[in-house]
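Topology and contacts: notes
Okay, here's what each chain looks like letter by letter:
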Amino acid sequence: MTKKNSVGTLCVHAGYASGKGQPRQIPIIQSTTFKYENSEQMARLFDLEESGYFYTRLQNPTNDMVAARIAALEGGVAAMLTSSGQAANFFACFNICEAGGHIVSATSIYGGTFNLLGTTFKKMGIEVTFVDQNAPAEEIEKAFRPNTKLVFGEVLSNPGVMVLDIEKFARLAHDHGVPLIVDNTFPTPVNCRPFEWGADIVTHSTTKYMDGQGVHVGGAIVDSGNFDWDAHSDKFPGLTTPDESYHGTIFTKSFGKLAYITKATTTLMRDLGCIQSPQNAFYLGLGLQTLHVRMPRHCSSALEVARQLESSPDVAWVNYPELESSPDHALQQKYLPDGSCGVMCFGLKAPKGVNVREFTSVFMDKLKLITIETHVADCYTCMLHPASHTHRQMSDEQLREAGVAPELIRLSIGLEDPADILADIRQALEAARQK
Ligand SMILES: *Cc1c(COP(=O)(O)O)cnc(C)c1O
């Protein structure tokens with residue numbers, strides 16, 4: 001397959017071509033180790049002088065075929081699979097930022113990533129400055145320091161569905177000689193290919209739409225191959241100076257455009273071992289084969305539900321990038337013209353004299369088809385009310401300070417018929433009002 005094929009064809013075929021008598025589908029290579037010709041060949045593998053498989057903690061053929069499919073979809077030069085989306089963001093940053101380093105990150109990112117950067121990285125000696133992604137470039141500029149190693153953001157933030165101005169962030173990063181890493185979990189490469197807008201590295205929680213049926217937890221990192229590490233050698237010595245754990249290998253010299261992913265595989269996977277199991281990679285490969293068919297459906301159903309909610313007298317507000325009322329509508333039109341994703345947020349209006357937080361909680365309990373879940377972005381429509389669930393210990397006041405309205409509901413539209421989703425919302429509202 002070549003990159004000239006369109007997205008749908010890549011979803012089905014990229015990363016694997018079966019020969020005569022071979023399996024049609026990507027096979028699961030369920031093996032810890034691999035056989036070598038002789039000890040000299042094994043030594044060459046360990047010295048990175050020859051590429052090949054030797055132990056599944058570092059690399060596995062099933063994973064590599066599926067990773068190659070994701071690399072083709074994103075238009076990157078190389079990709080790797082990790083055990084989770086968390087591991088993908090951890091590896092993507094830690095591969096080029098160690099103790100003493102600094103990261104500039106958008107504030108509106110997934111809670112797990114916010115904790116990883118703000119809490120765990122801090123313990124590891126990495127400082128992070130969070131910035132308002134909608135602030136003018138001159139404002140964000142002030143966050144950079146001489147030891148800044150990368151800029152991080154989410155193309156579509158979870159759960160706020162804010163759209164990142166990728167070009168603005170890429171320009172800021174490149175002006176300071178560092179790469180832009182973006183998490184493209186919600187749009188998927190079907191709706192946005194961030195490399196085309198200047199991002200250097202893309203991460204994914206493959207747990208979400210890429211899988212699509214909620215069967216595996218996994219992550220992926222893709223490198224565009226565009227960032228010139230050698231031009232900023234002083235900032236990235238791990239890639240541009242001899243690595244003593246590999247007999248003085250210089251990753252950029254030995255591997256060129258594959259340096260970043262090779263380093264992550266041969267040092268981080270070797271030492272930390274957060275690899276995706278081949279079985280999970282197989283499920284991911286299956287999910288990818290229908291991604292281009294599923295994403296448009298998630299988006300069209302979500303838009304239909306968002307429009308209906310917006311025109312309902314029981315709904316106070318709806319936040320979905322495709323709606324003209326969204327503050328990010330112009331960014332959606334630019335970066336996600338074919339659709340954003342199936343996730344939106346909205347708030348209900350309570351009947352007179354009823355507390356909206358309590359009313360929302362009652363409404364949620366009356367749902368029949370839509371499930372209450374912390375998960376998002378798969379075939380099942382689900383809702384989460386942070387004030388009743390994930391943030392329940394906080395007062396209304398504390399919630400507002402954290403940027404979560406007490407009435408905020410996160411809604412993830414699955415693949416059911418939108419008419420049935422809307423009917424369930426209507427009957428739950430009816431029942432909640434009668435209580
Ligand atoms: C879910 C999610 C993650 C974390 O992924 P896991 O697979 O749950 O570890 C990271 N980023 C985004 C945008 C997510 O939605």
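It should be noted that the structure appears before, not after, this text.
What counts as what
Residues numbered from 1 in each chain as written. Predicted model: local features only at pLDDT ≥ 70, side-chain atom pairs only at ≥ 80, totals over all residues. Heavy atoms only, no water. Helix = DSSP H or I, 4+ residues; strand = E, 2+ residues; numbered from the N terminus. Rg over C-alpha atoms; globule rule 2.2 N^0.38 Å. Contact = heavy atoms within 4.5 Å. Areas by Shrake-Rupley, 256 points an atom, 1.4 Å probe, with all protein chains shown as cover. Lys, Arg positive; Asp, Glu negative; His and termini not counted. Charge placed at Lys NZ, Arg CZ, Asp CG, Glu CD. Near = heavy atom within 4 Å. Polar contact = N/O pair within 3.5 Å; in protein donor to acceptor, adjacent residues only side chain to side chain. 1 Å grid on protein atoms, 1.4 Å probe; cavity = no way out; pocket = protein on both sides within 12 Å on 5 of 7 lines; lining within 4 Å. Sits in = over half its atoms within 2 Å of the grid points. Salt bridge = Lys/Arg side-chain N within 4 Å of Asp/Glu carboxyl O. Buried < 20%, exposed > 50% of the residue type's maximum accessible area, 1.4 Å probe, protein only. Core = buried A, V, L, I, M, F, W, Y, C linked by side-chain atoms within 4.5 Å. Axes fitted to C-alpha atoms, helices over the stretch in contact; angles between N-to-C directions. Parallel < 35°, antiparallel > 145°, perpendicular 65-115°, else oblique. Left-handed = near helix turned anticlockwise from the far one by under 90°. Pairing = 2+ DSSP bridges. Phe/Tyr/Trp six-rings, centres within 6.5 Å; stacked < 30°, edge-to-face > 60°. Lys NZ or Arg CZ within 6 Å of the ring centre and 35° of its normal. Nonpolar A, V, L, I, M, F, W, Y, C, P; charged D, E, K, R; others polar.

Considerations on the overall build of the chain
- Counting secondary structure elements, the chain contains 17 helices and twelve strands.
- Whereas a compact globule of 435 residues would reach a radius of gyration of roughly 22 Å, the chain reaches 23 Å, a difference of no more than 12%.
- Expressed along its principal axes, the backbone C-alpha trace of the chain runs to roughly 80 × 55 × 40 Å.
- Taking all contacts inside the chain whose residues are at least 6 apart in sequence as the whole, residues at least 24 apart take part in 71%.
- As displayed, the chain offers around 18400 Å² of accessible surface, 52% of which is attributable to carbon and sulfur atoms.
- In the chain, 37 side chains carry a positive charge and 48 a negative one; their mean positions are 3 Å apart.

A few points about the site of the ligand
- The environment of the ligand is formed by 16 residues, the closest being Gly85, Asp183, Ser205, Thr207 and Lys208.
- At 2.7 Å, a side-chain N or O of Asp183 approaches a nitrogen atom of the ligand.
- Starting from 380 Å² of accessible surface for the ligand in isolation, the protein chains cover 92%.
- Judged by the fraction of its atoms near the pocket grid, the ligand is located in the largest pocket.
- Counting residues per element, the shell around the ligand draws most heavily on helix H4 (residues 85-94), which supplies three residues.

A word on the pattern of salt bridges
- The tally for this structure, following the rule as stated, stands at ten salt bridges.
- Where Lys142 meets Glu139, a salt bridge forms, and the shortest distance between an N and an O atom there is 3.4 Å.
- Judged by its relative accessible area of 62%, Lys142 falls in the exposed class.
- Salt bridges sharing partners connect three or more residues here, namely Glu40, Arg44 and Glu50.

Structural notes on unusual backbone geometry
- Following Asn158, the chain continues into Pro159 via a peptide bond in cis, with omega recorded as 10°.
- With respect to the helices and strands, Pro159 occurs in the loop between strand S4 (148-154) and helix H7 (166-175).
- Located in the positive-phi region is Leu48, a residue other than glycine, with phi close to 65°.
- Locating Leu48 in the fold gives a position in the loop between helix H2 (39-46) and helix H3 (61-74).

With respect to the nonpolar core
- Ile103, Leu180, Ile181, Ile221 and Tyr260 are the most contacted members of the largest nonpolar core, which totals 99 residues.
- Considering each element in turn, this core owes the most residues, seven residues, to H3.
- One finds Ala302, Leu367, Ile421 and Leu429 within the second-largest nonpolar core, a separate group that totals 29 residues.

Observations regarding the packing of H4 against helix H5 (residues 111-123)
- With their axes 10 Å apart at the nearest point, H4 and H5 run at an angle of 45° to one another. Regarding the angle of H4 to H5, the classification is oblique. Two packed elements cross with a definite hand, and for H4 against H5 that hand is right-handed. Here Gln86, Asn89, Phe90, Cys93 and Phe94 of H4 lie close against H5, whose contacting residues are Gly112, Thr113, Leu116, Leu117 and Phe121.

Concerning the sheet that holds strand S5 (residues 180-183)
- The seven strands lie next to each other as S1-S7-S6-S5-S4-S2-S3, forming an open sheet whose pairing is mixed. The open sheet has two edge strands, strand S1 (78-82) and strand S3 (127-131), and neither has a second partner. Across the sheet, the mean angle from the axis of one strand to that of its neighbour is 20°, orientation sign disregarded.
- Taken strand by strand, H7 contacts strand S2 (102-106), S3, S4 and S5, and its axis lies near 150° from that of S5.

So, the environment of Pro337
- Within the secondary structure layout, Pro337 lies in the loop between helix H14 (329-335) and strand S9 (343-348).
- It is 8.7 Å that separates the C-alpha atoms of Pro337 and Cys192, two residues lying 145 residues apart in sequence.

What to know about the packing of aromatic side chains
- Counting across every chain of the model gives 13 aromatic pairs.
- Pairwise contacts between aromatic rings join Phe90, Phe91, Phe94 and Phe121 into one cluster.
- Taking the ring centre of Tyr110 as reference, the NZ or CZ of Lys208 above it sits at 5.1 Å.

Structural notes on the packing of H4 against helix H11 (residues 259-272)
- The contact between H4 and H11 brings their axes to 10 Å, and the two run at 115°. For the pair H4 and H11, the sense of crossing is right-handed. Within the contact between the two elements, H4 uses Phe90, Phe91, Ala92 and Phe94 and H11 uses Tyr260, Leu268, Met269 and Leu272.
- A breakdown of the residues in the contact of H4 with H11 according to their chemical character gives eight nonpolar, no polar and no charged.

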